[in-house]
Amino acid sequence: MVLKTTIVVGNPKPRSRTLKVAETLVEKLLAPGSYELEIIDLADHTAEIFAWPSEEMAALNARVAESDLAVFASPTYKATYTGLLKAFLDRYPANGLSGVTAIPVHTGGDLTHAMGPTVNLAPLLVELGAVVPGRGFYFVAGQMDRLDELVEQAAAEYAANLAALATVAASTRALASFSSPVA
């Protein structure tokens, strides 16, 4: 099975360091060849982000909702994520991300707002029905020279959390009923 993976970047600057951090997280978390990756850089869609309705944005939202794993990445603006990312997420109905495992990622200038992805973005993703497998990942942009090392640590933590969830999921009644033959 190939894991459908999407990165959504809310940085108003295209091809940003925030995108690089998110791409590196996916590369460190998932085994090569086990996933297909789509990148949605919202900076490329600013002409449509506030258009209602928008077929282009509806298609992007649908592709994210069909993902197995989605990384939502944003630079830290005013202690939280950007309006660009908020406008994208506001297009989802209640439980619009049901069935998606979501990882919130923020980048910032220092550790002042390190809890931002956990206390601001993660609750929104959960409200939309996504499963968030641990605290959000915060990366200090001035540490790009340590990107691989710091992302590797975060990926290991997410992998451990996902493994623990898989262990519990294997014993749940709902999962057992899906795998049991119908009488």
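Just above, that's the structure.
Definitions and cut-offs
Residues numbered from 1 in each chain as written. Predicted model: local features only at pLDDT ≥ 70, side-chain atom pairs only at ≥ 80, totals over all residues. Heavy atoms only, no water. Helix = DSSP H or I, 4+ residues; strand = E, 2+ residues; numbered from the N terminus. Buried < 20%, exposed > 50% of the residue type's maximum accessible area, 1.4 Å probe, protein only. Contact = heavy atoms within 4.5 Å. Areas by Shrake-Rupley, 256 points an atom, 1.4 Å probe, with all protein chains shown as cover. Lys, Arg positive; Asp, Glu negative; His and termini not counted. Charge placed at Lys NZ, Arg CZ, Asp CG, Glu CD. Salt bridge = Lys/Arg side-chain N within 4 Å of Asp/Glu carboxyl O. Pairing = 2+ DSSP bridges. Right-handed = clockwise from strand over helix to strand, strands pointing away. Polar contact = N/O pair within 3.5 Å; in protein donor to acceptor, adjacent residues only side chain to side chain. Axes fitted to C-alpha atoms, helices over the stretch in contact; angles between N-to-C directions. Parallel < 35°, antiparallel > 145°, perpendicular 65-115°, else oblique. Left-handed = near helix turned anticlockwise from the far one by under 90°.

Trainee: How should the overall build of the protein chain be read in this particular structure?
Mentor: When helices and strands are counted, the protein chain shows 6 helices and 5 strands. Each helix and strand of the protein chain, ordered N terminal to C terminal, gives the series β-α-β-α-β-α-β-α-β-α-α. In terms of overall dimensions, the protein chain has C-alpha extents of about 55 × 40 × 30 Å along its principal axes. The proportion of buried residues among the 183 residues of the protein chain is 44%. Taking the contacts inside the protein chain whose residues are at least 6 apart along the sequence as the reference set, 79% of them involve residues at least 24 apart. By element, 57% of the accessible surface of the protein chain is carried by carbon and sulfur atoms, the whole surface being about 9400 Å². In the protein chain, the 13 positive side-chain charges and the 19 negative ones have mean positions that sit 4 Å from each other.

Trainee: I keep staring at the pattern of salt bridges and nothing clicks. Help me out?
Mentor: Where side chains of opposite charge bring their charged atoms close, a pairing between them can arise. A complete count under the given rule lists 8 salt bridges for this structure. For the salt bridge of Lys-28 with Glu-152, the shortest nitrogen-to-oxygen distance reads 3.7 Å. One end of the pair, Lys-28, is in helix H1 (residues 17-29); the other, Glu-152, is in helix H5 (residues 147-169), and 124 residues separate them in sequence. Note that Asp-90 and Lys-86 form a salt bridge whose closest N and O atoms lie 2.6 Å from each other. The class of Asp-90 is partly exposed, set by a relative accessible area of 42%. Classification of Lys-86 by relative accessible area gives partly exposed; the value is 32%. One connected set of salt bridges, linked through shared partners, spans Lys-28, Asp-148 and Glu-152.

Trainee: Sorry if this is basic, but what is going on with the pairing of strand E5 (residues 137-140) here?
Mentor: On a regular strand, each side chain points to the face opposite its neighbour's, so the side chains alternate between the two faces of the sheet. Across the two faces of E5 the burial is the same, with Phe-137 and Phe-139 and Tyr-138 and Val-140 all buried. Across 4 bridges, strand E4 (residues 101-108) lies against E5 in parallel orientation. The residue bridging Val-105 from the neighbouring strand is Phe-137, located in E5. A crossover connection joins E4 to the parallel E5 through helix H4 (residues 116-127); in handedness this β-α-β unit is right-handed.

Trainee: Could you clarify how one ought to interpret unusual backbone geometry in this entry?
Mentor: When glycine is set aside, most residues are seen to have a negative phi, and most peptide bonds are trans. A cis amide bond links Trp-52 to the next residue, Pro-53, at an omega of -10°. The residue Pro-53 is located in the loop between strand E2 (35-41) and helix H2 (55-65) in this model. Of note, Lys-78 is a non-glycine position whose phi angle comes to about 50°, a positive value. Structurally, Lys-78 can be placed in the loop between strand E3 (69-75) and helix H3 (83-89).

Trainee: Teacher, can you tell me more about the environment of Pro-123 here?
Mentor: Mapping Pro-123 onto the fold places it in helix H4. Owing to a relative accessible area of 42%, Pro-123 belongs among the partly exposed residues under this scheme.

Trainee: Teacher, can you tell me more about the side chain of Lys-4 here?
Mentor: Summarising the element assignment, Lys-4 is placed in strand E1 (residues 3-9). Only 3.4 Å separates the side chain of Lys-4 from the backbone oxygen of Arg-63, close enough to count as a polar contact.

Trainee: How do you make sense of the environment of Val-151 when you look at a structure like this?
Mentor: Within the element layout of this structure, Val-151 appears in helix H5. As for Val-151 and Val-105, which are separated by 46 residues in sequence, their C-alpha atoms are 11 Å apart. If near-sequence neighbours (up to four positions away) are discounted, Val-151 is found in contact with Val-21, Thr-24, Leu-25, Lys-28 and Phe-137.

Trainee: Sorry if this is basic, but what is going on with the packing of H1 against H5 here?
Mentor: In helix packing, the relevant descriptors are the interaxial angle and the interaxial distance, both defined with respect to the helix axes. Relative to each other, H1 and H5 sit at 55°, their axes nearing to 9 Å. Judged on the interaxial angle alone, H5 and H1 are oblique. Viewed along their axes, H1 and H5 form a crossing whose handedness is right-handed. The residues of H5 that touch H1, namely those facing Lys-20, Val-21, Thr-24, Leu-25, Lys-28 and Leu-29, are Leu-147, Asp-148, Val-151, Glu-152, Ala-154, Ala-155, Tyr-158 and Ala-159.

In short, geometric facts, not functional conclusions.
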